[in-house]
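# Reading the structure
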Amino acid sequence: MEKKILSYENEEIKVTYDLKRCIHAAECVKGLPNVFDPDKNPWIQPENDSAENIAETIEKCPTGALHYSLKKSDRTEKPSSKNRIKLTANGPVYFYGDLEVQDHEGNTVLADTRFALCRCGASGNKPACDNSHEKIDWKADTNANKEKMPPIEKEKHDKLLIKLMKNGPAILEGSYTMESEELGERTSDKGVALCRCGGSSTKPFCDGTHKEIGFEG
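All residue numbers refer to positions counted from 1 along the written sequence of the respective chain. The predicted origin of the model limits local features to residues at a pLDDT of at least 70 and limits the giving and counting of side-chain atom pairs to 80 or more, whereas totals for whole chains, interfaces and linings rest on all residues. The side-chain numbers reported here are obtained from all heavy atoms of the structure, hydrogens and water having been left aside.

## Comments concerning the overall build of the protein
Along its length, the protein carries four helices and 11 strands. For a compact globule the rule gives 2.2 Å times the number of residues to the power 0.38, and the radius of gyration it is set against comes from C-alpha atoms. In terms of C-alpha radius of gyration, the protein reaches 18 Å, essentially the compact-globule figure of 17 Å for 217 residues. Once the C-alpha set of the protein is aligned to its principal axes, its extents read approximately 50 × 40 × 35 Å. Under the scheme applied here, a residue whose accessible area is under 20% of the maximum for its type counts as buried, over 50% as exposed, and between as partly exposed, the area being computed with a 1.4 Å probe on protein chains only. By the burial criterion, 47% of the 217 residues in the protein qualify as buried. Long-range contacts, defined as pairs at least 24 residues apart, comprise 55% of the intrachain contacts of the protein with a sequence gap of at least 6. With an accessible surface of roughly 10,900 Å², the protein has 45% of that area assigned to carbon and sulfur atoms. In the protein, 32 positive and 37 negative side-chain charges are present, and the distance between their average locations comes to 2 Å. Counting from the N terminus, the helices are the DSSP runs of H or I reaching at least four residues and the strands are the DSSP runs of E reaching at least two. Throughout, a contact is declared for two residues whenever any of their heavy atoms are within 4.5 Å. For accessible areas, the Shrake-Rupley method is used with a probe of radius 1.4 Å. Any residue's cover is judged against the shown protein chains and nothing else. In this charge count, Lys and Arg are treated as positive and Asp and Glu as negative; neither His nor the chain ends contribute. Positions of charges follow a simple convention, taking NZ of Lys, CZ of Arg, CG of Asp or CD of Glu.

## So, the sheet that holds strand β3 (residues 66-70)
Only strands that DSSP links by at least two bridges are regarded as paired with each other. Spatial strand order, β1-β2-β3: three strands in an open sheet with antiparallel pairing. Single-partner strands in this sheet number two, and they are β1 (5-9) and β3. Going from strand to strand, the sheet's axes swing by 20° on average, the running direction of each strand aside. Comment: axis = line fitted to C-alpha atoms, over the contacting stretch for helices; angle = value between 0 and 180 degrees taken between N-to-C directions. Lying on the sheet, helix α2 (residues 51-58) is in contact with β2 (13-18) and β3; it crosses β3 at an angle near 150°.

## Re the environment of Leu-160
Within the secondary structure layout, Leu-160 lies in strand β7 (residues 160-164). On the basis of relative accessibility, which here comes to 0%, the residue Leu-160 falls in the buried class. Separated by 46 residues in the primary sequence, Leu-160 and Cys-206 have C-alpha atoms spaced 18 Å apart. Apart from residues lying up to four places away in sequence, Leu-160 is in contact with Asn-83, Ile-85, Phe-95, Asp-98, Leu-99, Glu-100, Leu-172, Glu-173, Gly-174, Ser-175 and Tyr-176.

## Overview of the pattern of salt bridges
The term salt bridge refers to a side-chain nitrogen of Lys or Arg lying within 4 Å of a carboxyl oxygen of Asp or Glu. Taken as a whole and assessed by the stated rule, the structure comprises 12 salt bridges. Between Lys-82 and Glu-185 there is a salt bridge; the shortest N-O distance is 3.9 Å. Taken together, the residues Lys-82 in the loop between β3 and β4 (84-87) and Glu-185 in strand β10 (residues 184-188) connect sequence positions 103 residues apart. When its relative accessible area of 27% is taken as the criterion, Lys-82 is described as partly exposed. For Asp-98, the salt bridge is made with Lys-159, and the minimal N-O distance between the two is 3.2 Å. Taken together, the positions of Asp-98 in strand β5 (residues 93-102) and Lys-159 in the loop between α3 (132-135) and β7 put the pair 61 residues apart, joining distant regions of the chain.

## A closer look at unusual backbone geometry
In terms of backbone geometry, most residues other than glycine have negative phi values and most peptide bonds are trans. The omega torsion of the bond from Asn-41 to Pro-42 falls at 0°, within 30 degrees of zero and hence cis. Looking at where Pro-42 falls in the secondary structure, it is placed in the loop between α1 (27-31) and α2. With an omega of 10°, the peptide bond between Lys-126 and Pro-127 qualifies as cis. Mapped onto the elements, Pro-127 comes out in the loop between β6 (108-117) and α3. Although it is not a glycine, His-24 adopts a positive phi angle of roughly 60°. Within the secondary structure, His-24 sits in the loop between β2 and α1. Backbone geometry at Ala-26 places phi at a positive 70°, although glycine is not the residue there.

## Re the state of the cysteines
Pairs of cysteine sulfur atoms within 2.5 Å are identified as disulfides in what follows. In this structure the tally under the stated criterion is zero disulfides. In this structure Cys-120 is not part of a disulfide, and its nearest cysteine sulfur, from Cys-118, lies 3.8 Å away.

What follows is the structure, encoded as structure tokens:
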């Protein structure tokens, strides 16, 4: 997974922006347009608002493209109280929580609190989404078979591992709450396999189609 990190800072805050992980969800632009303005150069101007407001807005970035460090405060971003998986129609899977993405050899690809996983199979920056789903007009609803996720009463405060199988799905290890408008919410710790090739008939879960279509990732 490629990175291209740009930095913007003043005396109170340093903002880092990973261009490769940004898919223009625009939560930052909607939240603080006086700081995050794509029509200006530079497009991030931290001097236009308080460091605390900027930090709060950055934590709403669903892809993890934006992060911050405060120079005059002990505030740091903490994982959400539960690991959440949000399904989006015709788009990526958003993860929130104490996250670790591992490759098929067990190496850590990413440790973060926010991440957008490609599920169309076409991203040029796998496993991260890069908006290729829009270019190929990929379609998927936000439903999920609850029977594949046996419920637990309460999500544990544990790390959620996202294990990438070579040329195959992403295997979850840990507890999580999967959510969408169609699904509602389902809290489980079942190690399900999420489709990454985009062709599964049981989305968001893998059905082995990656083998038939020669998916690489």
